[in-house]
Amino acid sequence: TIGIWECWTFLSALADATKNVELGTLVACNSFRNPALLAKMAITLDEVSGGRLILGLGAGWNKPEYDAFGWPFDHRVSRFEEALQIIHPLLKHGRVDFEGKYYQAHDCEIRPLGPRKDGPPLMIGSFGKRMLNLTAKYADLWNTGYLGKVETLTEPRQELITTCHAVGRDPATLGVTAMIYVHYPKMMPLPADLDHPPLAGTPTQIAKAML
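Since the model is a prediction, treat every value here as computed from it, not as a measurement. (Residues numbered from 1 in each chain as written. Predicted model: local features only at pLDDT ≥ 70, side-chain atom pairs only at ≥ 80, totals over all residues. Heavy atoms only, no water.)

In this structure, strand β7 (residues 141-147) lies alongside strand β8 (residues 175-180), joined through 5 bridges in parallel fashion. Along β8, the bridge assignment pairs Thr144 with Ala178. Traced from β7 through helix α6 (residues 154-167) to β8, the parallel crossover comes out right-handed. (Pairing = 2+ DSSP bridges. Helix = DSSP H or I, 4+ residues; strand = E, 2+ residues; numbered from the N terminus. Right-handed = clockwise from strand over helix to strand, strands pointing away.)

In structure tokens, the structure reads:
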């Protein structure tokens, strides 16, 4: 049986076991935790880790997991949009007052705040027009996938740049990260169900391609 541990418990242990490496979620499903509580968890872990947390969030996608835990699967992006209106000000300022259709946070304040003035950076994993719009509005970092050769990032990145301009944000202020398929021919056969041709070759060739 293949499975995963609960990420926040595991990150807490990693924060204690490490000293320099950045820690984070790539990416956590918004629906699984109350947004105000999630912001409190993130600020607390940023304190415990000495300012090494990156809070990675997405709207969610894996319906069987939703069904197993009894979480609603409907209107995921709309729920995510409301959650960001709670999480973002709590991370940056420690206070929010919000009334939405799916979430509420009335006169909500987080004290104490963590070690960084503007809180841990917020990374959003996103595809599609609505999610890119939310990324341009709220995120410090953008994550996309599942890419292959380096040039497969060109079109998604251009979509993000266009969206940033549309909402009045300088694209240079938004960090870009990507999950990339890497194939080492001598180590494993090539999977048949990849979205894009993978980045392949010797370790040296792969390293040069990613510079």
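Don't stop here, the text continues.
So, about a nonpolar patch on the surface. Side chains of Val150, Ile180, Val182 and Met210 sit close together on the surface and give an oily, nonpolar patch of about 280 Å² of accessible area. Relative to the assigned elements, Met210 resides in the segment after α7 (203-209). (Patch = residues over 30% accessible without salt bridge, like charges linked within 9 Å, V, L, I, M, F, W, Y side chains within 5 Å. Areas by Shrake-Rupley, 256 points an atom, 1.4 Å probe, with all protein chains shown as cover. Salt bridge = Lys/Arg side-chain N within 4 Å of Asp/Glu carboxyl O.)

Mapped onto the elements of the fold, Lys129 is located in helix α5 (residues 129-138). Taking C-alpha positions, Lys129 is 33 Å from Phe10, a pair spaced 119 residues apart along the chain.

The omega angle of the peptide bond from Leu26 to Val27 is -20 degrees, so this bond is cis rather than trans. Residue position: Val27 is located in the loop between β1 (23-24) and β2 (28-29). Residue Tyr146 is bonded to the preceding Gly145 through a cis peptide linkage, with omega at -5 degrees. Its location among the elements puts Tyr146 in strand β7. Located in the positive-phi region is His75, a residue other than glycine, with phi close to 50 degrees. With respect to the secondary-structure elements, His75 resides in the loop between α3 (63-69) and α4 (76-93). By relative accessible area, His75 is classed as partly exposed at 46%. Despite not being glycine, Asp107 has its phi angle at roughly 45 degrees, a positive value. Topologically, Asp107 is positioned in strand β5 (residues 104-109). (Buried < 20%, exposed > 50% of the residue type's maximum accessible area, 1.4 Å probe, protein only.)

Right, let's talk about the packing of aromatic side chains for a bit. Scanning the model with the defined rule gives 5 aromatic pairs in all. Plain terms: the ring middles of Phe32 and Trp71 are 4.1 Å apart, the flat faces sit at 15 degrees to each other, and that makes the pair stacked. In this pair, Phe32 sits in the loop between β2 and α2 (35-48) while Trp71 sits in the loop between α3 and α4, placing the two residues 39 residues apart along the sequence. Ring geometry for Tyr66 against Phe73: centres 4.9 Å apart, planes inclined by 85 degrees, an arrangement best described as edge-to-face. Here Phe73 falls in the partly exposed class, since its relative accessible area comes to 22%. Members of the aromatic cluster, joined through ring pairs, are Phe32, Tyr66, Phe69, Trp71 and Phe73. A cation over a ring is seen here: Lys63 above Phe73, with NZ or CZ 5.8 Å from the ring centre. (Phe/Tyr/Trp six-rings, centres within 6.5 Å; stacked < 30°, edge-to-face > 60°. Lys NZ or Arg CZ within 6 Å of the ring centre and 35° of its normal.)

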